[in-house]
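Coordinate analysis (summary)
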Amino acid sequence: MAAELSDTLRDETVGLLQELIRLDTVNPPGNETRAAELLRSYLEANGVACELFAKVPDRANLVARIPGGDGPALLLLSHTDTVLADASEWLVDPWSGELRDDHVWGRGALDMKGQVAASAVAMASLAREGFRPSGDLIFAAAADEEVGEDFGLQWLVREHPDAVRAEYAINEGAGDRLELGGRVLYLCSTAEKMSAPFRLGVFGRSGHASMPGIADNALVKAAGLIEALAAYEPERSLGPETTALLEALTGETASGVDEALARARAVHPLAGALVEPLLSLTLSPTMAEASQKRNVIPARCDVTVDCRLLPGQLPADVEPLLRDVLGDGTYSLEWIEAYGGTRSTMESPLWDAVAGFVEAIEPGAMAAPVMVAGFTDSHWLREAFGTVAYGFFPMRTMDPELAARLVHSADERVHVADLGLGVSFLRHAARAVLG
Ligand SMILES: [Zn+2]
């Protein structure tokens, strides 16, 4: 199936995105109902049925649907809230939606009102064309992804499961075009690591800083534990998506983890850096808190460690390994939370749609699966319904390194050509999976 790029649909997406950016949906407090109502009036004007679901009036989720036959359903998932923006750091007003140098500027342009707008335009344009899907085509614009206090998809999946139940879903998470060692890859996120931070409480005995001999300095003891964590080399393994990513990167099937990593590094140093954290859990001590006074030796030091586990690993599996690394000592280990850590199969009609689109827009380029370090709303769908959910919104005009820098940062903007590419992909996926 050919992928058509349409200037008209690109411009329609640009216009809708500008309107979405002008609605301040910084979370907290969110106020996503503004965005849900704008989307509802746009979609209803194009003949798409919509419903708003809200736990509290200001924080509505929008669900729109083009009803289909008995076949599997495809959900276009996105979120309408954004992180905050400090206008004094920006070249333009972050809520202006200004069109400048072929980019739409503003908070949420990349994360992820651009994909919200492209999904809505894909729905509207398919409805105008009289598209009759084999299963439901659903669009959900959820609230509260950035903070996650149970107003958004988590709540929707639990309280209104029939509204968003789908066999397949396209969400945020990847889509970057990478050129490494002569190969061109478009990354599609099929799996996410589990975010499982923990806190170490290290205990000693306080005393006056002028007489260190009478005290037992918890901060100094913590230093030893931090060094032990930093030196730890967790066991590596190759998951299915990382095996497939390495094949796409190197053109070969590796027999073992070390060989695979060496080959990736030989292709390009960046390829090695991309692959390495996908092979094992990662540990990064990031915060420490001890004495509140310079002249008081602390009796307690708290160290927070950012920890990401592979899908399938659980904190309970990992804790004995960590205690081995930390050795005997007076400390406590407390898991702060554990979210995500899910994957979807690559053997699906949705994968074929992603791969087919990439081949159509750039002959010789390949779609490659990737596991992302953070979690998205995809994990609520995978956990509740077993949905095959991918993160894919293709981007080939803006440099992916620049895009990564702009997300959650000043001067966030999206190139209009990438918006056109995105809407073209979403229409292609709907036709390919539900045609
Ligand atoms: Zn996001």
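Presented here is an overview of the structure given in this document. (Residues numbered from 1 in each chain as written. Predicted model: local features only at pLDDT ≥ 70, side-chain atom pairs only at ≥ 80, totals over all residues. Heavy atoms only, no water.)

Section: the side chain of Ser344
Our working rule: Labels follow the DSSP assignment, with helices taken as runs of H or I lasting at least four residues and strands as runs of E lasting at least two, numbered in each case from the N terminus. Here a polar contact is recorded for every N or O atom pair within 3.5 Å, except that within protein the pair must consist of a potential hydrogen donor and a potential acceptor, and residues adjacent in sequence are included only if both atoms are side-chain atoms. Residues are treated as being in contact if the distance between any of their heavy atoms lies within 4.5 Å.
Looking at where Ser344 falls in the secondary structure, it is placed in the loop between strand S17 (339–340) and helix H11 (349–361). A distance of 3.0 Å separates a polar atom in the side chain of Ser344 from the backbone nitrogen of Ala389. Once you skip the residues sitting within four places of it in the chain, Ser344 turns out to touch Thr190, Arg382, Thr387, Val388, Ala389 and Tyr390.

Considering unusual backbone geometry
In this chain, Asn27 is followed by Pro28 through a cis amide linkage whose omega measures -5 degrees. In this fold, Pro28 is placed in the loop between helix H1 (7–22) and helix H2 (33–45). Residue Met112 is reached from Asp111 by a cis peptide bond, and omega for that bond is -10 degrees. Of note, the phi angle at Asp102 is positive, near 65 degrees, even though the residue is not glycine. Residue placement: Asp102 occurs in the loop between strand S4 (99–100) and strand S5 (103–105). Although it is not a glycine, Asp144 adopts a positive phi angle of roughly 55 degrees. Along the chain, Asp144 falls in the loop between strand S6 (137–142) and helix H4 (153–159).

Quick notes on the packing of helix H3 (residues 109–128) against helix H14 (residues 416–434)
Note the following rule: Angles here are taken between N-to-C directions and fall from 0 to 180 degrees, while the axes themselves are lines fitted to C-alpha atoms, restricted in helices to the stretch in contact. For this classification, under 35 degrees means roughly parallel, over 145 means roughly antiparallel, 65 to 115 means roughly perpendicular, and everything else is oblique. Handedness of a helix crossing follows the sense of rotation of the near helix relative to the far helix, less than a right angle counterclockwise being left-handed and clockwise being right-handed. Residue classes follow a fixed rule: Ala, Val, Leu, Ile, Met, Phe, Trp, Tyr, Cys and Pro count as nonpolar, while Asp, Glu, Lys and Arg count as charged, and any other residue, Gly among them, counts as polar.
Where H3 contacts H14, the two axes come as close as 9 Å, and the packing angle between them is 50 degrees. By the angle between their axes, H3 is oblique relative to H14. Here the hand of the crossing between H3 and H14 comes out right-handed. In this structure, H3 contributes Gly114, Ala118, Ser119, Val121, Ala122, Ser125 and Leu126 to the contact, and H14 contributes Leu419, Gly422, Val423, Leu426, Arg427, Ala430 and Arg431. Of the residues that constitute the contact of H3 with H14, the class distribution is eight nonpolar, four polar and two charged.

Notes on the environment of Gly175
Worth spelling out the cut-off: Buried, partly exposed and exposed residues are distinguished by accessible area as a fraction of the type maximum, computed with a 1.4 Å probe on protein chains only: under 20%, between the cut-offs, and over 50%, respectively.
Structurally, Gly175 is set in the loop between strand S7 (168–171) and strand S8 (177–180). Classification of Gly175 by relative accessible area gives buried; the value is 0%. Along the sequence, Gly175 and Leu187 sit 12 residues apart, while their C-alpha atoms lie 5.1 Å from each other. Among residues more than four places away in sequence, those in contact with Gly175 are Tyr186, Leu187, Gly391, Phe392, Phe393, Pro394 and Met395.

Focus: the nonpolar core
Our working rule: The definition of a nonpolar core used throughout is a set of buried Ala, Val, Leu, Ile, Met, Phe, Trp, Tyr and Cys residues joined through side-chain atoms within 4.5 Å.
In this structure, Leu43, Leu74, Leu137 and Phe139 are the most contacted members of the largest nonpolar core, which totals 71 residues. The greatest single-element share of this core, amounting to 11 residues, is contributed by H3. Within the second largest apolar cluster, 23 residues are counted, among which are Ala174, Ala191, Leu246 and Leu279.

That is the geometry; function is a separate question.
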